[in-house]
Amino acid sequence: MSEEPGVARGMPSSHHDGSERARDLATELAELARSLQNQPDGDAVLAGFVHAALDLIPGADEGSVSVVLGRTNIGSRAPSGNLPERIDALQMETKEGPCLEAAYEHRTVRVPDMSTERRWPLFAQRATEAGAHGMLSIQLWVEGDDLGALNLYSHEANAFTDESENIGLLVASHAAVAFAGAEKNRQLNEAVDSRDVIGQAKGILMERHKITGQQAFMVLSFASQRTNTKLFEIANDLVNSGELPAR
């Protein structure tokens, strides 16, 4: 069953002992929320989120947001360096790792010492060789078979603690909400742009062939079906080139 995107879904990992250390994060989280809401798009939100995570979460040396499409295709967004990109590539190559398990199983996965990790032997060996000696993955969103997870990496073993998880879940909650808002704005802007372009294309056809708006839309729809091309792309090509696709 799909879960509503935009809400951090993370739960404590199996290494969490249930205790919390008191720490006043109100100011930091409030500033994070304001800064993320002011970002122009989803990519900027994720980049600001990763930067804040490295500043606020104990033990985090590197980070990224891993986006998994269709439960198998893993990619890095807003990586802090080469290490996150390499580890995401390893998870895709081996079809195993904390990101996938965090997303679909435990929602939060902590790897204290990658060199002694037995849940994903092939991935753990190669990740250790790449320089990731500790890892913390927190689920951000799930939408159908697509998901996002915050992946944090430490250069030293046993760097992540219960405090790391507690703060990570708080930071992730703010980021997930901000990202969902940015994505809704992006989709709205794309819909408006698409409507405008289609309207311009209809106007060109109406003026050129002296036809009605409905007839112009039918011409665009026919061209879309005939060429197996999205209607927006047909309209955009007409607006930019003045011509419909050739037969």
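Residues numbered from 1 in each chain as written. Predicted model: local features only at pLDDT ≥ 70, side-chain atom pairs only at ≥ 80, totals over all residues. Heavy atoms only, no water.

Draft legend 1. Representation of helix α5 (residues 121-130) within the structure. Within the sequence span of α5, burial applies to F123, A124, A127 and T128. The buried side chains of α5 occupy one side of the element, clustering within an arc of 130° when seen end-on. Facing away from the buried surface of α5 by more than 90 degrees, the exposed residues are P121 and E129. Once α5 finishes, G131 follows within two positions and takes phi at roughly 115°, a positive value. (Buried < 20%, exposed > 50% of the residue type's maximum accessible area, 1.4 Å probe, protein only. Helix = DSSP H or I, 4+ residues; strand = E, 2+ residues; numbered from the N terminus. Arc of directions from axis to C-beta.)

Draft legend 2. Region of the structure containing the pairing of strand β5 (residues 146-154). With eight of nine residues buried, β5 lies mostly within the body of the structure. Two elements, strand β1 (residues 62-69) and β5, share seven bridges in a ladder whose sense is antiparallel. Bridged to G63 within β5 is L152. (Pairing = 2+ DSSP bridges.)

Draft legend 3. Region of the structure containing the nonpolar core. One finds F49, I57, V65, I138, L140, L150 and L152 to be the most contacted residues of the largest nonpolar core, which totals 21 residues. At the level of secondary structure, the elements contributing two or more residues to this core comprise α2 (42-56), β1, β4 (134-143), β5 and α6 (162-209). Counting 14 residues, the second-largest nonpolar core is a separate cluster that includes V111, A127, M135 and Y153. (Core = buried A, V, L, I, M, F, W, Y, C linked by side-chain atoms within 4.5 Å.)

Draft legend 4. Region of the structure containing the pattern of salt bridges. In the structure shown here, the tally under the stated rule is six salt bridges. Here E93 ties to R126 by a salt bridge, and the two come within 2.8 Å at their closest N and O atoms. In this pair, E93 sits in helix α3 (residues 82-94) while R126 sits in helix α5, placing the two residues 33 residues apart along the sequence. On the basis of relative accessibility, which here comes to 47%, the residue E93 falls in the partly exposed class. Accessibility expressed as a relative area gives 27% for R126, which makes it partly exposed. One salt bridge in this structure joins R119 and E117, with 2.7 Å as the shortest N-O distance. According to the relative accessible area criterion, E117 is buried, its value standing at 9%. Because the salt bridges share partners, they merge into one network encompassing R86, E93 and R126. (Salt bridge = Lys/Arg side-chain N within 4 Å of Asp/Glu carboxyl O.)

Draft legend 5. Spatial organisation of the environment of S164. Mapped onto the elements, S164 comes out in helix α6. When its relative accessible area of 0% is taken as the criterion, S164 is described as buried. Sequence separation of S164 and A53 is 111 residues, and the distance between their C-alpha atoms is 9.9 Å. In this structure, S164 is in contact with I57, P58, L136 and A159, ignoring residues within four places of it in sequence. (Contact = heavy atoms within 4.5 Å.)

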